[in-house]
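Examination of the molecular architecture
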Number of protein chains: 2
Amino acid sequence: MRAQTRPQPPNSLNGLPSLAARLGHSFHQPALLRQALTHRSHSGINNERLEFLGDSVLNCVVASLLYQRFPKLPEGDLSRLRAHLVREATLCELAVVLDLGSQLLLGEGEMKSGGRRRPSVLADALEAIIGAIYLDGGFSAAEATVTRLYQDRLFDLDPGSLGKDPKTLLQEYLQGRRIALPQYTVLATAGDAHCQIFRVECSIPVLGISTQGEGSSRRAAEQLAAQAAYEVASRA
Amino acid sequence: MRAQTRPQPPNSLNGLPSLAARLGHSFHQPALLRQALTHRSHSGINNERLEFLGDSVLNCVVASLLYQRFPKLPEGDLSRLRAHLVREATLCELAVVLDLGSQLLLGEGEMKSGGRRRPSVLADALEAIIGAIYLDGGFSAAEATVTRLYQDRLFDLDPGSLGKDPKTLLQEYLQGRRIALPQYTVLATAGDAHCQIFRVECSIPVLGISTQGEGSSRRAAEQLAAQAAYEVASRA
């Protein structure tokens, strides 16, 4: 996380009508959309309660979409796919496409430290917006917006791989070919105790593969190294 | 957990119409209700996928009910209350009131080992029923049933204490009175390694309180001892 250096646009809600259009929902109560975009650093009346509500509405709609899209899939796989679709990284990608960042109302400190592009802030705001649409137009309105937001992702979803982490994917790939499991080795650590960086090697000798990953935890570094190894192995 | 000794009623669906009446939902597709009552031990076509769906519908409706019932409550408290309302123990109580147990379709082994009264089986079936109602009648039908099921509980809910475990409640009670925290001591363990029983004492010397609790884990026993101590202390 580097400090934000680019100039930040001031708080402004000029873009609300076009955001509503991108969401496909015309608000009867525009104050709800404004509240959904308000970070706690900006005001006591903020989006935290709406986020609680929207999180559960989103989970419900996505569960329903998956249930219908994959009529034979066991519930364990449905859970895994849902976790993938509602995780912070996915929500953040959707928020970027909607250009939520420019519409957020942030406190000055949050703004200067890059709040407009912080994944957690963006994901929370998107959940809050879904909660606001639910309050404004009922479940069917929220369902319509979520369905539109997730349309492409649902269509592209591959239950066989999506939602599995790279180490699991790599392990399954190797087991399917009766190849010994990869070895993970910490090559180096750097930084202070509270801000360490790990460099890990993933090695699959029989395939001549050796990749590396760096992360703020050993686990994160292993996943990145596994991801690289999986890409090499499955391309070969 | 003792083995079931009372005679078990055979699988029967004679009571489905009256169950539907208790749920307040008349099924257009009764097969959905039947599936919601079918445990995986009975059939490959069972309630597991419906449970996945119903769990998320239940979470969403309860979130919405809490959001409206407590307009000022922070989202952390809303989350805690929701967790309390959708946990297995609460669902099991609701399932008992609905007499779900007698309507379950179970495999023979599950039936003989007391499946009709097993909290996880009952809770899962209730979630599956909520999923079935959602598929049969849409979100509003599921919302109506969940609202009816939870009406009394929502009315009685005290955000200040409900959902907090007894150890936390006791600790907060003592801290509010500047009294030293209770001591928990394991007095005895009994049973085999895979089925141990712990007896724990909770002692608050300055109040002259000493209570005991027994459970299958040290933590469970501590909670029961804390519950007893809290009742004594708050009555005094």
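Residues numbered from 1 in each chain as written. Chains lettered and ligands numbered in written order. Predicted model: local features only at pLDDT ≥ 70, side-chain atom pairs only at ≥ 80, totals over all residues.

**Re helix 7 (residues 119-156) of chain B**
Over its 38 residues, helix 7 of chain B runs only 23 Å from end to end, short of the ideal 56 Å by more than 12%, given 1.5 Å per residue. At Gly137 of chain B, helix 7 of chain B shows its strongest bend, of approximately 135 degrees. (Helix = DSSP H or I, 4+ residues; strand = E, 2+ residues; numbered from the N terminus. Expected span 1.5 Å × (residues − 1). Bend = angle between axes of the 7 residues up to and from the residue.)

**Some words on the relation of the copies chain A and chain B**
Each copy superposes on the other: chain A lies on chain B with an RMSD of 0.3 Å after a rotation of 180 degrees and an axial shift of 0.2 Å. In the structure described here, the two chain copies are related by an operation that fits a two-fold rotation axis. Closest to the rotation axis within chain A is the C-alpha of Cys60 of chain A, separated from it by 3.1 Å. Counting the interface residues of chain A, we find that 100% of their copies in chain B are interface residues as well, pointing to one common contact surface. (Least-squares fit on C-alpha atoms with pLDDT ≥ 70 in both. Contact = placed C-beta atoms within 7 Å.)

**Some details on the domain arrangement of chain A**
Domain annotation of chain A identifies domain 1 (16-156) and domain 2 (166-235). The gap between the C-alpha centroids of domain 1 of chain A and domain 2 of chain A is 33 Å. (Domains from an automatic or database assignment.)

**What about the interface of chain A and chain B?**
Size of an interface: often given as the accessible area lost when the parts come together. The interface of chain A with chain B comprises 17 residues on the first partner and 17 residues on the second. Here the element with the most residues in the side of chain A that touches chain B is helix 3 (residues 48-69) of chain A; it accounts for twelve residues. Each residue belonging to the side of chain A that touches chain B can be placed in one class, and the counts come to nine nonpolar, four polar and four charged. (Nonpolar A, V, L, I, M, F, W, Y, C, P; charged D, E, K, R; others polar.)

**What about the sheet that holds strand 2 (residues 197-204) of chain B?**
Residues and elements named next belong to chain B. With antiparallel pairing, three strands are arranged side by side in an open sheet as 1-2-3. Strand pairing shows two members of the sheet lacking a second neighbour, strand 1 (183-190) and strand 3 (209-215), which therefore form its edges. This sheet shows a mean twist of 20 degrees between the axes of neighbouring strands, independent of strand direction. Where strand 2 and strand 3 come together, seven bridges link them in antiparallel fashion. Directly across from Ser203, in strand 3, lies its bridge partner Ser210. Here helix 9 (residues 218-235) sits on the sheet in contact with strand 1, strand 2 and strand 3, set at roughly 145 degrees to strand 3. (Pairing = 2+ DSSP bridges. Axes fitted to C-alpha atoms, helices over the stretch in contact; angles between N-to-C directions.)

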